[in-house]
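Examination of the molecular architecture
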Amino acid sequence: MAAVSLKIDGKTVETAPGRSVMQAARDAGIGIPALCDHPALPPEGACRICLVEIEGQRAPQPACTFQVSAGLVVQTRSPHVVAARKLVLELLLSDHPLDCLTCESTGSCLLQDLAYEYDVKGDRWRGRHHDYPVDSSNPFIQVDRNKCIVCRRCVRACNSINGVEAISIFHRGFNASIGFGADGPMQDSPCEFCGSCVAVCPTGALRPKLAIGKGRPWQVKKVDTICSYCGVGCKLTLHVRDNRIIGADGAWDGPVNRGWTCVKGRFGHDYVRHPDRLTKPRVRHYLLHGGKKRRDGTGWDWVETDWDTALEVAARGLCQIRGKYGADSIGVLCSAKCLNEENYLMNKLARQVIGTNNIDHCARL
Amino acid sequence: MKSDSLSTTSSFEPVLTRNIHRPGSEKIETYLGNGGYRAARRALERTPAEIIQLIKDSGLRGRGGAGFPAGVKWEFMPRDASQKYLAVNTDEGEPGTFKDREIVERDPHQVIEGALIAAYAVGAGRAFVYIRGEFFLGVKRWTKAIADAYEHGFLGKNILKSGFDLEMSVHRGAGAYICGEETAMLESLEGKPGNPRLKPPYPAQAGLFGLPTLVHNIETLACIPHIIERGPDWFAGIGTAQSKGPKIFSVSGHVNRPGNYELPLGVTLREIIYTHAGGVRDGRRLKAVIPGGASTPIMTAMQIDVPMAFETLRAAGSELGTGAVIVMDETTCMVEVARRLTRFFSHESCGRCVPCRIGSVRLYEALERVERGQGEIPDIDRILELAHGIGGITFCPMGTALVNPARSAIKCFRNEFEDHVRKGHCVVSRRAFRGGPDGKDSHRR
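Quantities reported herein were computed from a predicted structural model and do not represent experimental measurements.

Take the overall build of chain B next. Check the secondary structure of chain B and you find 18 helices and 9 strands. A compact globule built from 445 residues should have a C-alpha radius of gyration of about 22 Å, and chain B, at 22 Å, falls within 12% of that. Along the longest, intermediate and shortest principal axes, the C-alpha atoms of chain B span 75 × 50 × 35 Å. Burial statistics for chain B: of 445 residues in total, 61% are counted as buried. Put simply, of all contacts in chain B between residues at least 6 apart along the chain, 70% involve residues at least 24 apart. When the accessible surface of chain B is summed, it comes to about 17,000 Å², and 51% of that surface belongs to carbon and sulfur atoms. With 58 positive and 51 negative side-chain charges, chain B shows a spacing of 2 Å between the two charge centroids.

In structure tokens:
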């Protein structure tokens, strides 16, 4: 399709038809501020922060939902839209706890960034504000609806991306707020705790519990890695402080997961430093030192050893069984947590080294 | 009724409401006995394109508030779509408006006939009636009327042997004001929360369940049989340059005879109030009028010679809206009016966009402070600033309408707001503040 040419802030921008003004601007490196819009989510048009002035339109239009057309002339920073943004921010702050000093999101909060950028204080439209209890019912996500700006990013991530539909908007008007399941605790909802809602929340309303109090964004080193849980290979960005993982995010540039993860990838990183974690191979006492293998004797105890010894013991055992009962008495089960290459090698080991076709894979079960 | 000799509308003969005072007016027998469904019969013999042209020629504009030309809307409906819908908007929620309710309760077949003609013209095979949950009698009458229309062959398969099919059913809403907005109504019909949709796409492109949908107000549909019956020239001969036809004005407030009055568009407020509604109660002086329902800007008594038409009211700084005339006499506190109307809108906000969700509450609170006498003079300008800021930046038109009461009340009656601030109480109604601490009105008069 023919490209569409439009002008944004005096700069000529070429884009594909059907794209929004927001997308066109983003492609051209022009930032239009937004709270409810997110590149990975369908547009919502709710926050009214991304309002821009478009020639020929009576009122300012949200850039996230306004589609481009040839010859469009867009102003993203006219006095009118800047004033509108300020008012929206003032109104949002008028029903916000303003506890940035101790808020978990300080430094990674879009509302905070915009209030700073537009020099908006929280005291212009004093009035009643919400006092919701904080929901800590589940092990992964803390929900503080007092900090929620009802942008519905979480609703869209849960419904449009994951199809779980655990989050929706309850009540209306000033009392409209996010809720889970049948508006009960998150723990009792269909939530799978994938944390996609946490990933897209622009404020401190949805926070990963494991990271609370562990470090500010500027104290954290971000390390890209591939998730070690399964063979999908999601790209993660680990948040590391003092050589300890305090959090994980899906990387938006991950070719496999495009920013989304499951509960394990996002929240299951505490095993790394867990005291119960095995970091060395272990062998039963009797296999190394002989003696009885009775379960109630010392021969049954685990003994830490090195890899060569452990593999030697395992190989010896397999050889004995094959010699005594034949190769088909051995079966091999591979894992989806292993790489393709590792599974291929396991297949070689089973068929060519051991000599059996008894090989299967956990993903088939 | 007093002599209408001074009236410019003395020769006008009501059509939409001509049957409603007959006993048993809601029955199909009464309707048929008065020439009912003759227009439908006539329309089904003509082509849909001819019907659309008739409606265009008549100049009929939507009676739900926006005043969009009906014929143009019909033309927007795609011709090649295999399945199309008609949605009949009976969610009459605009405060002060009670015209659709009366038509539905007393002459529902008029609307069914209009709906049948409209559905035939745009090729819609399924009609959904969305009715406000509180209209208990209306639901009963609609349901009965639809059943009777099926029985007489005006609904169902092969209507009047024309080969045209139309199924119709009634869906009760839960009473949210915003569900009168067409896209919110469609969401609600689909079983979702009544939040307005993003436009475009417009309902004619992708409406109910994603299919092309024609949405019409009750009064608009009620006009259609008469246009078919009497011709577009008759209809276009009534009214002003840009506002054609008869219109039902719901008159409420401080008048001697509140009620629905069917009059030609272009009639003045003065005539509606003094000739038809019996003048202001207790011989008091008129103070202010809301000409088109709560969302339209307040006008002063000085402006009552403005003709009630889309273009003239807009030029006068207000809107025709639904044509609901709310009359206020000299004992009315305009600060209280602004506060209570703003409270209504903040209560009815769907909560989707920030300016409406939070702004309406802040507006209400500021008005409440001024009314209680706790405000300061700059607060009045702050109210205007907030109202000005919210107007035009909300997701749907309701957010913009919600600032009208406050903005127009200050524009027309600023001195009353200042009196509240300076004297700490109301000098007009001589009453103490009547709102409760939780923002609810503690009692009604």
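Across its full length, chain A holds 9 helices and 16 strands. Here the C-alpha radius of gyration of chain A, 28 Å, is well above what a compact globule of 365 residues would show, namely 21 Å. Projecting the C-alpha coordinates of chain A onto the three principal axes gives extents of approximately 90 × 50 × 40 Å. Residues classed as buried in chain A amount to 44% of the 365 residues present. Long-range contacts, defined as pairs at least 24 residues apart, comprise 56% of the intrachain contacts of chain A with a sequence gap of at least 6. Entry remark: accessible area of chain A is about 19,700 Å², with carbon and sulfur atoms responsible for 52%. Taking the average place of the 47 positive charges on the side chains of chain A and the average place of its 38 negative ones, the gap between the two points comes to 3 Å.

Residue and element names in this part refer to chain A. Pairing is antiparallel across the open sheet formed by 3 strands, whose spatial order is β10-β11-β12. Two strands in the sheet have a free side with no partner beyond their single neighbour: β10 (221–226) and β12 (244–250). Looking at each pair of strands side by side, their axes are set apart by 30 degrees on average, direction ignored. With 6 bridges connecting them, strand β11 (residues 235–241) and β12 associate as antiparallel partners. Each bridged residue has a counterpart across the sheet, and for Val240 the counterpart in β12 is Ile245.

Whether parallel or antiparallel, the strands of a sheet pair through hydrogen bonds between backbone atoms. All names here are of chain B. Here 4 strands make up an open sheet; going across it, the order is β3-β2-β1-β4 and the pairing parallel. Two strands in the sheet have a free side with no partner beyond their single neighbour: β3 (167–172) and β4 (213–217). For this sheet, the mean inter-axis angle between neighbouring strands, taken without regard to orientation, is 20 degrees.

Below, the discussion takes up empty space enclosed by the protein. The method is simple in principle: a probe with the dimensions of a water molecule rolls over the atoms, and the space it marks as empty is what remains. Taken as a whole and assessed by the stated rule, the structure comprises 6 cavities of 30 Å³ or more. Size it by volume and the largest cavity reaches roughly 120 Å³. Considering the residues around the largest cavity, the lining is formed by 14 residues, among which Asp95, His130, Cys148 and Val150 of chain A together with Arg357 of chain B are closest to the centre. Of the residues that constitute the lining of the largest cavity, the class distribution is 8 nonpolar, 3 polar and 3 charged.

Glancing now at the domain arrangement of chain B. Residue and element names in this part refer to chain B. With domains assigned, chain B is organised as domain 1 (28–236), domain 2 (246–329) and domain 3 (334–423). Using C-alpha coordinates to define each centre, domain 1 is positioned 35 Å away from domain 3. The interface of domain 1 with domain 3 comprises 11 residues on the first partner and 8 residues on the second. Between domain 1 and domain 3, the buried area comes to about 830 Å², and carbon and sulfur atoms account for 75% of it.

The subject of this paragraph is the nonpolar core. Ranked by size, the top nonpolar core spans 79 residues in total, and within it Leu35 of chain A together with Leu363 and Phe417 of chain B carry the most contacts. Per-element accounting of this core gives the leading share, 7 residues, to helix α2 (residues 79–94) of chain A. Setting aside anything within four residues of it in sequence, one finds Phe417 of chain B in contact with Met334, Val335, Ala338, Leu367, Val370, Ile380, Ala409 and Ile410 of chain B. Of all hydrophobic cores here, the second largest spans 58 residues; its members include Ile55, Ile131, Phe135 and Met168 of chain B.

A separate point is the pairing of strand β2 (residues 11–15) of chain A. All names here are of chain A. In the sheet, strand β1 (residues 4–8) pairs with β2 via 5 bridges, with the strands oriented antiparallel. Paired with Val4 across the strands is Thr15, a residue of β2. Hairpin geometry of β1 and β2 is characterised by an intervening segment of 2 residues between the two adjacent antiparallel strands and by a positive phi of about 50 degrees at Asp9.

What follows covers the interface of chain B and chain A. With 28 residues of chain B in contact, the opposing surface of chain A contributes 28 residues. Approximately 2,600 Å² of surface area, both sides summed, lies buried where chain B meets chain A, with 54% of it carried by carbon and sulfur atoms. Linking chain B to chain A there are 4 salt bridges. A salt bridge links Arg352 of chain B to Glu44 of chain A; the shortest N-O distance between them is 3.2 Å. Taken together, the links from chain B to chain A amount to 15 residue pairs in polar contact (both at pLDDT 80 or more). For the side of chain B that touches chain A, the secondary structure elements donating two or more residues are α13 (334–348), α14 (354–357), α15 (359–372) and α16 (377–390) of chain B. Tallied by class, the residues present in the side of chain B that touches chain A amount to 12 nonpolar, 8 polar and 8 charged.

To continue, consider the environment of Gly62 of chain B. Position of Gly62 of chain B relative to the elements: it lies in the loop between α3 (48–58) and α4 (70–76). Between the C-alpha atom of Gly62 of chain B and that of Thr322 of chain B, which follows or precedes it by 260 residues, the distance is 9.3 Å.

This next bit is on the domain arrangement of chain A. Along its sequence, chain A is carved into domain 1 (4–77), domain 2 (217–272), domain 3 (278–325) and domain 4 (328–365). One C-alpha centre belongs to domain 2 of chain A, the other to domain 3 of chain A, and the line joining them spans 35 Å.

Another aspect to go through is the pattern of salt bridges. Tallying each qualifying case throughout the model produces 50 salt bridges over all chains. For Arg197 of chain B, the salt bridge identified is with Glu190 of chain B, shortest N-O distance 2.6 Å. Per residue, the accessibility class of Arg197 of chain B equals that of Glu190 of chain B, and both read buried. The salt bridge involving Lys247 of chain B is made with Glu219 of chain B; its shortest N-O contact spans 2.8 Å. Of this pair, Lys247 of chain B sits in strand β5 (residues 246–253) while Glu219 of chain B sits in helix α9 (residues 218–230); the two residues are 28 residues apart in sequence, bridging distant segments of the chain. The class of Glu219 of chain B is buried, set by a relative accessible area of 0%. It is possible to trace a salt-bridge network through shared partners that takes in Glu44, Arg152 and Arg156 of chain A together with Arg352 of chain B.

Right, let's talk about the environment of Ala3 of chain A for a bit. Residue and element names in this part refer to chain A. Following the sequence through the fold, Ala3 ends up in the segment before β1. C-alpha separation for the pair Ala3 and Ala16, spaced 13 residues apart in sequence, amounts to 4.9 Å. The contact partners of Ala3, leaving out residues within four places of it in the chain, are Glu14 and Thr15.

Conventions adopted
Residues numbered from 1 in each chain as written. Chains lettered and ligands numbered in written order. Predicted model: local features only at pLDDT ≥ 70, side-chain atom pairs only at ≥ 80, totals over all residues. Heavy atoms only, no water. Helix = DSSP H or I, 4+ residues; strand = E, 2+ residues; numbered from the N terminus. Rg over C-alpha atoms; globule rule 2.2 N^0.38 Å. Buried < 20%, exposed > 50% of the residue type's maximum accessible area, 1.4 Å probe, protein only. Contact = heavy atoms within 4.5 Å. Areas by Shrake-Rupley, 256 points an atom, 1.4 Å probe, with all protein chains shown as cover. Lys, Arg positive; Asp, Glu negative; His and termini not counted. Charge placed at Lys NZ, Arg CZ, Asp CG, Glu CD. Pairing = 2+ DSSP bridges. Axes fitted to C-alpha atoms, helices over the stretch in contact; angles between N-to-C directions. 1 Å grid on protein atoms, 1.4 Å probe; cavity = no way out; pocket = protein on both sides within 12 Å on 5 of 7 lines; lining within 4 Å. Points joined across faces, edges and corners; volume = space filled by probe spheres on them. Nonpolar A, V, L, I, M, F, W, Y, C, P; charged D, E, K, R; others polar. Domains from an automatic or database assignment. Buried area = accessible area lost by both parts, 1.4 Å probe. Core = buried A, V, L, I, M, F, W, Y, C linked by side-chain atoms within 4.5 Å. Salt bridge = Lys/Arg side-chain N within 4 Å of Asp/Glu carboxyl O. Polar contact = N/O pair within 3.5 Å; in protein donor to acceptor, adjacent residues only side chain to side chain.

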